[in-house]
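Structural description and commentary
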Amino acid sequence: MKKFLGLVFLWVSIAMGNAQEFKYGISGGIHKTSIVGIHDYSEGKFGGNLGFFANFTLVENDVWDSAWLYLEPRIEYSMQGENANPPQGYQKFHNDYVAMSVNLKYFFHKGNLKRDVFIFAGPRFEYLVREHRDGPPNYAMFEGMEDTITKFNYGVTFGTGLKISQQWEATLRYDWGFKEVYPDYTHKHTFNRLLSLGFNYYISSNW
């Protein structure tokens, strides 16, 4: 894993060094998140995310704002977890992460005419910074299976977006974790998943 992360950061550094132009801003959104395969009567959980991002051009920009391929590193605070409503009472599982993703962002285009619609995808890394549980305990058959929770997680993020103005973009994205949240849970696999409706607001650029 350390070698993989090293290669990712090396690739990002090279791409940023070769980028012709860049712009940066803040991002945010609301999402519904859940943990696959865990907690009967699951309802998922609504939360929010807030972070920072940058766009570095990866293709030549002959005409102002005509670049159609970008590298987009992003870091955010993401409130995730799970809610369940079993017979013994309502349960809330709050898992907050500091997350980083490194996306390729592609605008549909024809020559220098860049469309307003784009797609993006890339690896995502999460580190658990807060865990809190409310409600009654789980079934006795699951006792001890959720005592250990994975701190560092990784997965993939992908989605689509729409450029609204020079400063605003709307996005719809889906995240899927590859590492089990509860490694001792033997009943099913437990992966983070998240569906988010968000925005990008550009603060500044070097154009």
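Residues numbered from 1 in each chain as written. Predicted model: local features only at pLDDT ≥ 70, side-chain atom pairs only at ≥ 80, totals over all residues. Heavy atoms only, no water.

Observations regarding the pairing of strand β6 (residues 152-163)
- Residues Asn153, Gly155, Thr157, Gly159, Gly161 and Lys163 of β6 are buried on one face, while the alternating residues Phe152, Tyr154, Val156, Phe158, Thr160 and Leu162, pointing to the opposite face, are not.
- As paired elements, strand β5 (residues 113-134) and β6 share 11 bridges and run antiparallel to each other. Paired with Gly122 across the strands is Thr157, a residue of β6.
- One ladder, built from 9 bridges, connects β6 with strand β7 (residues 168-177); its direction is antiparallel. Looking at the pairing, Thr157 lines up with Asp175 of β7.
- Following β6, the chain reverses through 4 residues before pairing antiparallel with β7. (Buried < 20%, exposed > 50% of the residue type's maximum accessible area, 1.4 Å probe, protein only. Helix = DSSP H or I, 4+ residues; strand = E, 2+ residues; numbered from the N terminus. Pairing = 2+ DSSP bridges.)

A word on the pairing of strand β3 (residues 69-84)
- Within β3, 12 of the 16 residues are buried, which leaves the element mostly enclosed by the surrounding structure.
- Alignment of strand β2 (residues 45-57) against β3, held across 7 bridges, turns out to be antiparallel. From the neighbouring strand, Phe53 faces β3, where its bridge partner is Arg74.
- Strand direction decides the pairing type here: β3 and strand β4 (residues 91-110), joined by 16 bridges, are antiparallel. Each bridged residue has a counterpart across the sheet, and for Glu72 the counterpart in β4 is Asn103.
- Between β3 and β4, which pair antiparallel and follow one another directly, the connecting turn spans 6 residues, one of which, Gly89, has a positive phi of 135°.

Concerning the packing of aromatic side chains
- Scanning the model with the defined rule gives 14 aromatic pairs in all.
- Measuring from ring centre to ring centre gives 5.7 Å for Trp68 and Tyr106, while their planes differ by 80°; the resulting arrangement is edge-to-face. Remark: Tyr106 occurs in strand β4 and Trp68 occurs in the loop between β2 and β3; sequence separation between them is 38 residues.
- Given a relative accessible area of 28%, Tyr106 falls into the partly exposed group.
- Centroid distance Tyr174 to Trp176: 6.2 Å. Interplanar angle 35°. Geometry classified as tilted.
- Judged by its relative accessible area of 28%, Trp176 falls in the partly exposed class. (Phe/Tyr/Trp six-rings, centres within 6.5 Å; stacked < 30°, edge-to-face > 60°.)

Remarks on a nonpolar patch on the surface
- Among the surface-exposed residues, Leu50, Phe108, Val117, Ile119, Leu162, Ile164, Trp168 and Phe199 lie close enough to one another that they form a single nonpolar patch of about 720 Å² accessible area.
- Assessed through its relative accessible area of 41%, Leu162 is described here as partly exposed. (Patch = residues over 30% accessible without salt bridge, like charges linked within 9 Å, V, L, I, M, F, W, Y side chains within 5 Å. Areas by Shrake-Rupley, 256 points an atom, 1.4 Å probe, with all protein chains shown as cover. Salt bridge = Lys/Arg side-chain N within 4 Å of Asp/Glu carboxyl O.)

Some thoughts on the environment of Glu43
- Of note, Glu43 is situated in the loop between β1 (22-35) and β2.
- Between the C-alpha atoms of Glu43 and Lys32, which are 11 residues apart in sequence, the distance is 9.6 Å.
- When sequence neighbours within four positions are dropped, the list of residues in contact with Glu43 reads Lys32, Asn83, Ala84, Asn85 and Tyr90.
- Here the side chain of Glu43 touches Tyr90 through a polar contact of 2.9 Å, side chain to side chain. (Contact = heavy atoms within 4.5 Å. Polar contact = N/O pair within 3.5 Å; in protein donor to acceptor, adjacent residues only side chain to side chain.)

Overview of the side chain of Asn55
- Tracing the backbone through its elements, the reader meets Asn55 in strand β2.
- Among the polar contacts listed, one links the side chain of Asn55 to the side chain of Lys105, at a separation of 3.0 Å.
- Engagement of the side chain of Asn55 in a polar contact is seen with the side chain of Tyr202, the distance being 2.8 Å.
- Not counting residues within four places of it along the chain, the set of residues in contact with Asn55 comprises Glu21, Phe22, Lys23, Tyr70, Leu71, Glu72, Lys105 and Tyr202.

As for the pattern of salt bridges
- Under the definition given, this model contains 10 salt bridges.
- Its salt-bridge partner being Asp96, residue Arg130 comes within 3.5 Å of it at the nearest N-O pair. Taken together, the positions of Arg130 in strand β5 and Asp96 in strand β4 put the pair 34 residues apart, joining distant regions of the chain.
- Taking relative accessible area as the criterion, Arg130 reaches 37% and is therefore assigned partly exposed.
- The exposure class assigned to Asp96 is buried, which follows from its relative accessible area of 5%.
- Here Glu126 and Arg124 are joined by a salt bridge, their closest N and O atoms 3.0 Å apart.
- With relative accessibility at 4%, the residue Arg124 sits in the buried group.

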